[in-house]
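Structural overview
Here is how the chains run, residue by residue.
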Amino acid sequence: MAHSEDNDYEYRIKEGDHVVLKRGDVYKAVQIQRKKKVIFEKQWILLDNVVGHLYSTTFEVASGGSLQPKEDKETESSTDVKVAGTDNRNIVDDGKSQKLTRDDIETMKEQGLTDKEIIKQLIDNSATFSNKTGYAQDKYIKKKKKKYENTVTVLKPTCRIIAMMYHGREPGKICHLRYDTLAQMLTLANVHAGSKVLVFETCAGLVLGAIMERMGGYGSVIQMYPGDGPVRAGVECFGFPTHFHDMLHEFPICHVNALLAGTLDTGAKDPTAAEKQLRVAAVEEQNQPEAEQQEGSPEEENMVTNTSDDGGRAQEKLEKEKRQEAKAQERKVKLEEKRRKLAAAATLLEGRNADGLVIASHFHPYSVLLGLLKFLSPSRPFVVFSQYKETLIECYTKLKEQGGAINLMLTDTWLRQYQVLPDRTHPLLLMSGGGGYVLSGTTVATDHSKPAGSPPAEEPAPKRQKVKDSEG
């Protein structure tokens, strides 16, 4: 038994792990911490009891929010129905068929009745349930189970699960990127272990996390980010080990032109650091006159009190100066770390030998694509995702005109989900309308001696030799 547990140790939930909670079609990423309450679907739960269990285990929410493993008992269900009608043509949905009110159901919940017992009461108090067909009865029971079943499934975070979580709750944060589109992007970009991949995305780190998962901690990933710093909320949901982050580098997109021109100085000081020091000095100068005014009080009867106050203020001033020095030292360390990361990423980019490029952003991709293509080696794939096809059509046209890329394809991703049940297999009624558009291609080496797209120079026609007729 102990040997079996050692074999599946990596598949068991441990304290500090990042997991995904699932109930129905709702997902939420959390971290396992003891004695910490987590709100999920308007309900407080404790995750202490999930430690040590296998991933994908389903738990029942007990009183107090504690989780208990759900027991799979193959007993006769309390919701099994033997009487069913032949059709539903005479059933009228007027809202009067159910005798139980909302208050009655809430009272049953407070009394501690299980979901099966509540559903049994709903069936017994429904005037039209026995007249429904067997299929309609199954659909009714499934709907009520989804509403009243108090269970939570703990899943191991993967690219597909994280993508479904974001797309279901906050699709705007990931540019409405669907998980099937993300899978196509990883395939078209040929992301694999040991490669060097450039990433520019504004999808909360979802695309970056998917690439890191596919590479398995081997290779190099350079994240090109806009603004002050990279956004990696989605990467944290994956819960990667430490060595995965060793291959991750970052480079600001605003310094790309300087790097291409060879004018980037990675050792330059941050201009904002001097401004911060000036602000700190100004605050100190403002505090000094107030202390001097309080020290120069003309009342002799408060001399002793003022002296003790001056000593206290001097002590506070010293402590304040120490705190400011500590903060300044901390800023200096962070600035030095930022310079070091910038220099490391610039060294990787200067070789211009990246193996792939992935762009997924709400910005217009044209300028970003043309700038980052210069860092790719010839015969390397690139992929651009956009929610709108017009921006990708412009990129497609420009690449066709200037050259440097072949096998250009602009595709529309489409996904259709089916319900698969006996005699009831059909497409789902509610589906995603669109998964965005993907532009892909392969880089090639270009001849920079003449502009791309120029017609080949016409060679002069060879002179025709004059043939002399020989007599004889």
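Naming follows an unreviewed UniProt entry, where the protein appears as tRNA (adenine(58)-N(1))-methyltransferase non-catalytic subunit TRM6 of Ilyodon furcidens. Annotation of the protein in UniProt includes, under Subcellular location (unreviewed entry), the sentence "Nucleus". As stated in UniProt under Subunit (unreviewed entry), the record for the protein gives "Heterotetramer."

**Description of the environment of A136**
Here A136 is to be found in helix 4 (residues 134–148). With 48 residues separating them along the chain, A136 and N88 place their C-alpha atoms 8.3 Å apart.

**So, the sheet that holds strand 11 (residues 356–360)**
Reading across the sheet, the 7 strands line up as 10-9-8-11-12-16-13 and stay open at both edges, with mixed pairing between neighbours. Edge positions in the open sheet fall to strand 10 (248–252) and strand 13 (405–412), since each of these has one partner strand only. Direction aside, the axes of adjacent strands within the sheet are offset by 15° on average. For strand 8 (residues 196–201) and strand 9 (residues 220–225), the ladder comprises 5 bridges, and the chain directions are parallel.

**A short note on a negative patch on the surface**
A cluster of acidic side chains, namely D103, D104, E106 and E110, defines a negative patch on the protein surface. Position of D104 relative to the elements: it lies in helix 2 (residues 102–110).

**Re helix 4**
Between its first and last C-alpha, helix 4 extends 21 Å over 15 residues, near the 21 Å set by a 1.5 Å rise per residue. Looking only at helix 4, the buried set comprises A136, Q137, Y140, I141, K144 and Y148. Summarising the axial view, the buried residues of helix 4 lie within an arc of 135°, below the 170-degree limit, and thus occupy one face. Turned more than 90 degrees from where helix 4 packs its buried face, K139, K142, K143 and K146 sit exposed.

**A closer look at the nonpolar core**
Counting 41 residues, the largest nonpolar core has I162, L182, M185, V207, I211, M212 and V221 as the members making the most contacts within it. Contributions of two or more residues to this core are made by helix 5 (159–169), helix 6 (179–188), strand 8, helix 7 (206–215), helix 8 (233–238), strand 11 and strand 12 (381–386). In terms of residues, this core owes the most to one element, helix 7, which gives 7 residues. In this view, M185 contacts L177, V358, I359, A360, V383, F385 and V438; residues no more than four positions away in its chain are not counted. Ranked by size, the runner-up nonpolar core spans 30 residues in total, among them M224, V368, L372 and F375.

Calculation criteria
Along each chain, residues carry numbers from 1 onward, in the same order as the chain's sequence is written. Note on the predicted model: pLDDT of at least 70 is required for a residue's local features to be given, and 80 or more for side-chain atom pairs to be given and counted; whole-chain, interface and lining totals, by contrast, use all residues. Water and hydrogen atoms play no part in the side-chain values, which are based on all heavy atoms of the structure. UniProt positions are given in the numbering used here, feature names are shortened, and annotations may be inferred rather than shown by experiment. In this text, helices come from DSSP runs of H or I with a minimum length of four residues, and strands from runs of E with a minimum of two, each type numbered from the N-terminal end. Strands qualify as paired when DSSP identifies two bridges or more between them. Lines fitted to C-alpha atoms define the axes here, with helix axes fitted over just the stretch in contact, and angles between the N-to-C directions of these axes take values from 0 to 180 degrees. Only residues whose relative accessible area exceeds 30% and that form no salt bridge enter a patch; like-charged residues are grouped when within 9 Å of one another, and nonpolar side chains (Val, Leu, Ile, Met, Phe, Trp, Tyr) when within 5 Å. Computed by Shrake-Rupley with a 1.4 Å probe, the accessible areas treat only the displayed protein chains as cover when residues are assessed. Salt bridge, as applied in this entry: a Lys or Arg side-chain nitrogen positioned within 4 Å of an Asp or Glu carboxyl oxygen. Positive charge is attributed to Lys and Arg, negative charge to Asp and Glu, and no charge count is given to His or to the chain ends. A single reference atom marks each charge: NZ on Lys, CZ on Arg, CG on Asp, CD on Glu. For a helix, the expected span equals 1.5 Å multiplied by the number of residues minus one. Each residue is assigned to one of three classes by its accessible area relative to the maximum for its type, calculated with a 1.4 Å probe on protein chains only: buried under 20%, partly exposed between the two thresholds, exposed over 50%. The directions considered for the arc are those from the helix axis to the C-beta atoms. Among buried residues, those of type Ala, Val, Leu, Ile, Met, Phe, Trp, Tyr and Cys that are joined through side-chain atoms within 4.5 Å constitute a nonpolar core. We call two residues contacting when some pair of their heavy atoms lies within 4.5 Å.

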